[in-house]
Amino acid sequence: MKLLPEARKAHKLWSVRLAILSTLIFALHDVLPHWEGLLPEWAYTVLASVVGIAGAIARLVPQKAIDEYIRSRLQ
């Protein structure tokens, strides 16, 4: 398996950042009962859903880190 040349800039992409955030939110599910008084379960569900959908949308939108890299390679 070979990585894309742009892989080094992946941490700058919003789609990657949101995917990481979505993973962290999912990991928090196990500690949610300890936060019962602070965060209602419906809020956790909404937050997880919004971040997941935003990550999918961000993947479809041109992202500056990759666009700049591609332009610099074409010149």
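Preceding block: the structure.
Residues numbered from 1 in each chain as written. Predicted model: local features only at pLDDT ≥ 70, side-chain atom pairs only at ≥ 80, totals over all residues. Heavy atoms only, no water.

Engineer: Looking at this structure, I do not really get the packing of aromatic side chains. What am I missing?
Structural biologist: What characterises a pair of aromatic rings is the spacing of the ring centres plus the angle enclosed by the ring planes. Across all of its chains, the model carries 0 aromatic pairs by this definition. Directly above the ring of Trp-14 sits Arg-17, whose terminal nitrogen or CZ lies 4.8 Å from the centroid. (Phe/Tyr/Trp six-rings, centres within 6.5 Å; stacked < 30°, edge-to-face > 60°. Lys NZ or Arg CZ within 6 Å of the ring centre and 35° of its normal.)

Engineer: Explain helix H1 (residues 14–27) to me, please; I cannot follow it from the model alone.
Structural biologist: Given 3.6 residues to a turn, an α-helix orients residues that are three or four positions apart in the same direction. Counted at 1.5 Å a residue, the expected span for H1 with its 14 residues is 20 Å, and the 20 Å between its end C-alpha atoms agrees. Of all the residues in H1, the buried ones are Ser-15, Leu-18 and Ile-25. The buried side chains of H1 occupy one side of the element, clustering within an arc of 80° when seen end-on. Projecting away from the buried face of H1 at angles above 90 degrees are the exposed residues Ile-20, Thr-23 and Leu-24. Along its buried surface, H1 packs onto helix H2 (41–60). (Helix = DSSP H or I, 4+ residues; strand = E, 2+ residues; numbered from the N terminus. Expected span 1.5 Å × (residues − 1). Buried < 20%, exposed > 50% of the residue type's maximum accessible area, 1.4 Å probe, protein only. Arc of directions from axis to C-beta. Contact = heavy atoms within 4.5 Å.)

Interpretation in functional terms is not warranted from these geometric data alone.
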